Amino acid sequence: MRHTILAAGLTTIAGAAFAQTPVLTVYTYDSFIPDWGPGPAIEAAFEETCGCDLQFVGAGDGAALLSRIRLEGARSGADVVLGLDTNLTAAAAATGLFAPHGIEAPGLTLPVSWDDPLFLPFDWGYFAFVHDTSLQDVPGSFEELAASDVSIVIQDPRSSTPGLGLLLWVQKAYGDRAGEIWEGLSDNIVTVTPGWSEAYGLFLDGEADMVLSYTTSPAYHLIAEEDPTKTAAPFAEGHYMQIEVAGVLAGTDQPELARAFLAFMLTEGFQSVIPTTNWMYPAALPAEALPEGFETLIQPGQALLYDAGEAAAVRDGAIETWQRALSR
Amino acid sequence: MERTGAVLAALVALAVLGPLVAVAFAAEGPGRLGPADFAAIRFTLLQAALSALFSVLAAIPVARALARRRFAGRRLLVAVMGAPFILPVIVAVLGLLAIFGRAGWLNAAFEALGMGTVSIYGLGGIVLAHVFLNLPLAVRLLLQAWLSVPSERMRLAASLGFSDGDMRRHFERPILCAVLPGALTIIFLICATSFAVALILGGGPRATTVELAIYQAFRFDFDLGRAALLGLVQVLICLAAGLLALGLVRGGEMGFGLDRPARPWPGDGPVARGLDVLSIVGASVFLLLPLLAILLEGLAALPGLPSQVWEAALRSIVVALGSTALTVAMALPIALFAAGGRGRGGVEAVTALSISVSPLVVGTGLFLILFPIVDPVPLALPVTGLVNALVALPFILRALIPAARAAEAGQGRLADALGMTGWTRLRLAILPRLRRPLGFGAGLAAAFSMGDLGVIALFSSPGEATLPMEMYRLMGSYRTDDAEGAAVLLMLLALALFWAFDRGGRVDAVA
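(A) Molecular detail of the overall build of chain B. The helix and strand inventory of chain B stands at 22 helices and zero strands. Radius of gyration (C-alpha) of chain B: 23 Å, near the 24 Å computed for a compact globule of 511 residues. Dimensions along the principal axes, computed over C-alpha positions, put chain B at roughly 65 × 65 × 50 Å. Per-residue burial for chain B yields a buried fraction of 57% across its 511 residues. Relative to all contacts within chain B whose residues are 6 or more apart in sequence, the contacts with residues 24 or more apart total 86%.

(B) Quick look at the overall build of chain A. Check the secondary structure of chain A and you find 12 helices and 12 strands. Over its C-alpha atoms chain A spans a radius of gyration of 21 Å, differing by no more than 12% from the 20 Å that the globule rule assigns to 328 residues. A principal-axis box enclosing the C-alpha atoms of chain A has dimensions of 70 × 50 × 40 Å. Looking at chain A residue by residue over its 328 residues, the buried ones come to 52%.

(C) Quick look at the confidence of the model for chain B. All names here are of chain B. On average, residues of chain B score 83 in pLDDT, and 92% of them reach the 70 mark or higher. Mean pLDDT across the secondary structure elements of chain B bottoms out at helix α20 (residues 456-459), with 66, and peaks at helix α2 (residues 35-68), with 91. For this predicted complex, the interface confidence reaches an ipTM of 0.84, while the overall pTM sits at 0.86.

(D) Fine view of the packing of helix α7 (residues 123-147) of chain B against helix α13 (residues 270-298) of chain B. All names here are of chain B. For the pair α7 and α13, interaxial distance at closest approach is 11 Å and the crossing angle is 120°. Taken together, the axis directions place α7 and α13 in an arrangement best described as oblique. Helix-helix and strand crossings are classified by hand; for α7 and α13 the assignment is left-handed. The residues of α13 that touch α7, namely those facing Phe132, Leu135 and Pro136, are Ala283, Leu287 and Pro290. Within the contact of α7 with α13, the residues separate by chemical class into six nonpolar, no polar and no charged.

(E) Structural context of the domain arrangement of chain A. All names here are of chain A. Split into domains, chain A comes out as domain 1 (20-124 + 242-295) and domain 2 (125-241 + 298-327). Relative placement of domain 1 and domain 2: their C-alpha centres are 26 Å apart. Each partner contributes residues to the interface: domain 1 has 21 residues there, and domain 2 has 21 residues. For the side of domain 1 that touches domain 2, the secondary-structure elements that each account for two or more residues are α3 (62-72), α4 (89-94) and β10 (239-249). Looking at the side of domain 1 that touches domain 2, the element that brings in the most residues is α4, giving three residues.

(F) Expanded view of the interface of chain A and chain B. In this complex, chain A contributes 41 residues to the contact, which on the side of chain B involves 43 residues. When contributions to the side of chain A that touches chain B are tallied by element, the ones reaching two or more residues are β2 (53-58), α3, β7 (189-193), α8 (196-204) and α12 (308-327) of chain A. Its residues placed into classes, the side of chain A that touches chain B shows 18 nonpolar, 14 polar and nine charged.

(G) Representation of the environment of Glu310(A) within the structure. Within the element layout of this structure, Glu310(A) appears in helix α12. Expressed as a C-alpha distance, the spacing of Glu310(A) and Ala173(A), which sit 137 residues apart in the sequence, is 14 Å.

(H) Geometry of the nonpolar core. Judged by nonpolar contacts, the single largest core of 284 residues is most densely connected at Val80(A), Val211(A), Val93(B), Leu142(B), Ile187(B), Ala335(B) and Leu400(B). In terms of residue count, the dominant contributor to this core is helix α18 (residues 380-417) of chain B (19 residues). Of the domains in this structure, domain 1 (20-124 + 242-295) and domain 2 (125-241 + 298-327) of chain A are the two that each give at least three residues to this core. Those residues in contact with Leu400(B) that lie beyond four places of it in its chain are Ala331(B), Ala335(B), Leu434(B), Pro437(B), Leu438(B) and Gly441(B).

(I) The environment of Arg168(B), seen in detail. All names here are of chain B. If you trace the backbone, Arg168 turns up in helix α9 (residues 164-192). A count of 14 C-beta atoms within 10 Å places Arg168 in the partly exposed class. Put simply, Arg168 and Arg315 are 147 residues apart on the chain and 48 Å apart in space, counted from C-alpha to C-alpha.

(J) Quick look at helix α10 (residues 255-265) of chain A. Residue and element names in this part refer to chain A. Listed as buried for α10 are Leu257, Ala258, Phe261, Leu262 and Met265. Buried residues in α10, looked at end-on, bunch into an arc of 140°, giving them a common side. Buried-residue contacts for α10 involve β1 (23-28), α2 (39-50), β3 (80-85), β5 (119-132), β10 and α11 (268-271).

(K) Geometry of unusual backbone geometry. Residue and element names in this part refer to chain A. Here the phi dihedral of Asp137 falls at roughly 50°; this positive angle occurs in a residue that is not glycine. Counting through the fold element by element, Asp137 comes out in the loop between β5 and α5 (142-147). One non-glycine residue, Glu226, lies in positive phi territory at about 50°. By C-beta crowding, Glu226 is classed as exposed, having 8 other C-beta atoms within 10 Å.

(L) How the structure looks around the packing of α2(B) against α13(B). All names here are of chain B. Their axes nearest at 8 Å, the elements α2 and α13 cross at an angle of 115°. With respect to α13, the element α2 is oriented roughly perpendicular. As α2 packs across α13, the resulting crossing turns out to be left-handed. The segment α2 lies against α13, with Pro61, Val62, Ala65, Leu66 and Arg68 engaging Leu275, Asp276, Ser279, Ile280 and Ala283. Here the residues of the contact of α2 with α13 are counted per class, giving seven nonpolar, one polar and two charged.

Thresholds applied
- Within every chain, residues take consecutive numbers counted from 1 along the sequence as written.
- Key to labels: chains lettered from A, ligands numbered from 1, both in the order written.
- Only residues with pLDDT of at least 70 get local features here, since the model is predicted, and only at 80 or more are side-chain atom pairs given and counted; chain-wide, interface and lining totals rely on the full set of residues.
- Helix and strand definitions follow DSSP, with helices as H or I runs of at least four residues and strands as E runs of at least two, each counted in order from the N terminus.
- We compute the radius of gyration over the C-alpha atoms and compare it with the globule rule, which gives 2.2 Å times the number of residues raised to the power 0.38.
- Put simply, a residue is buried when 20 or more other C-beta atoms lie within 10 Å of its own C-beta and exposed when 12 or fewer do; between those, it is partly exposed, and each C-beta is set from the backbone.
- Throughout, a residue-residue contact means that the two C-beta atoms, derived from backbone geometry, are no farther apart than 7 Å.
- You can read pLDDT as the predictor saying how much it trusts each residue, on a scale of 0 to 100.
- Lines fitted to C-alpha atoms define the axes here, with helix axes fitted over just the stretch in contact, and angles between the N-to-C directions of these axes take values from 0 to 180 degrees.
- Relative orientations are named as follows: roughly parallel for angles under 35 degrees, roughly antiparallel for angles over 145 degrees, roughly perpendicular for angles from 65 to 115 degrees, and oblique for any other angle.
- Should the near helix be turned anticlockwise from the far one by less than a right angle, the crossing is termed left-handed; should it be turned clockwise, right-handed.
- Any residue that is not Ala, Val, Leu, Ile, Met, Phe, Trp, Tyr, Cys, Pro, Asp, Glu, Lys or Arg is counted as polar, Gly included; the first ten are nonpolar and the last four charged.
- Domain delimitation in this document rests on an assignment produced automatically or drawn from a domain database.
- Joining buried Ala, Val, Leu, Ile, Met, Phe, Trp, Tyr and Cys residues through C-beta atoms within 7 Å gives a set, and that set is a nonpolar core.
- The arc in question is formed by the directions pointing from the helix axis toward the C-beta atoms.

Right, dumping it as structure tokens:
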């Protein structure tokens, strides 16, 4: 007991000593934080200039992150949320918990225009089916895939962000014909996993010919493992995008610092860390500045994306169509 | 001690149901269940019932064989065979797929022989995986019951010249009648909250379980009302299963002996021997091959694991030990209370709530309760330890209560007649008979806490990750090789902890 009191006392003293250094708390998804993720390098770069202590807090994946913010409500300990995607921002905006960022961002290198007053993008990617280069007769569209006997692993749109991305991809490309496409795909689908990790693990273990992932996934194998045998299949319909964003919470006690962090997010100190830690395209870095190896990735002809409001509106119907088609 | 047990059981129920109520109160309105939810409930019940049935049926010959055979490495086999039960689900699934998957050893063998391929995906795959995960638990529960038969009885049977059939009639049937309902129930409950196994091996949305519906409600819909309602459905399923099991339990009193070692089995013969060899070899191959596959894939990466993984491993060991101490401290008084009088079997059903309620509901509910009072992030590890202890409690009780009852029946009256009370009575009369189930339960609690992702994912902060969580992080960052190495580390540590407490089930021990 005495030790506890002593420890509590020391903590208080230590807390007082650090009181001059403001703390910026950033909630993010789990894979952002580890040594091999973008977190540590970004923390070091920002702390060099901000005169603050940047603390990342992990909360599952993108969808779990939003649930966490909603659970905490206006009393949230977070100043910034980093890692929502455009399929979640409508719901996030509707909570009223986010404040306008007020930042002009002319240097964005997204393939689409950006004018969201609450959220700023930090990276993006195209969903794609990744396969081994040894695969014969690689399908070039959903219709070809459905007609082929190529096997795929996908993620469940009810529990996974990439799963939801695939759902919206088919919906955006085929509209009313989405159900038909899913029925055609049903005999190609080996299985549906709860999240990206399980699906990618199954693919690497040889359970399926292709896995739903990103066009940037082969870059990991090429750069980190020097393995050039993974590639992504370009689809004629175009590829659906995932744009990952950050926003400032209205209840923050560090509004200046939070906005400074969002501004820093679009500078090179942050952006240049992204490609080889998060394995996505940075949102504000010209193509020439990408690391060697990224030039080998496929470049989709057309970028598909629902804006935040549309994505929220079509989601429930699309899930129902998916469920019906695959339950037959 | 007994009163403490009743109070503790009530606290356990509160710790499980409190979070559920907290989630319901945070909801903006009452939840409603749609047709998809009812389909999910039906599917959950179906797959859980089939999984429990097959796990227990397969366990009967294996437990019988392990009880009556002596061979070198028996203790080690008993310990290692328990591994699937304590592995994180995704590791177990990947191990299983290495054998039964499209690119697995089985299909490779079929292909080499020019036969067609088999697909694991579908209801059959779910049941296969659940049997893989739960057969070890079923075997151990049945084995405990066999080992509790006093050797004096066996000697009597031998001197009466019992045949194999006589043994079945007078020993096996009463033992099974006593232990099967509980074993079936506990495995049914584990499978009823299954989510990743059912989805990955079920092959698609046909295999939607209640737990997945809860996930959806929390994550994308943020419909707390629906999540709480689905959590309540899980509680009702648990209570119904618990009541059913209580109604089915028949006394399996095997009497009491002087704890002398068992003699060779009466009624033994070549047929019985052949069947036992087949059971033990079959179960070993089925349970150990996937583990071997995991080991082969990950062993090479083990030495080069990032330092974060080793730190996480240390943290996990501390959490597991704390969690085990807590589990044992709760389990002993509750078991003594349950064994102390008639009509107290319901206590066990109450504590079983902790495995039947979705970890997501419990985690979220705890978060809602803690958040207004303290910052939950620094509490991540203690809360994880507490929740792991609650989840391990039903397993240890399942092993402990029958043993406590038997000890009470056999030694209790004598102890009372001698005027023994309190600690002396417990130490001299009861505890020596609880050594085996207590060691097993503590081992299970430790290993289980080691391997469980638990609620920490909801609370995590950078420096606080546990080993399972670090493994998931590696998987989520393409680092499959390191993740496989971490999985091997996790498996070895969990097994080592399990062995440290359980000592191979003490199957060769005198008492």
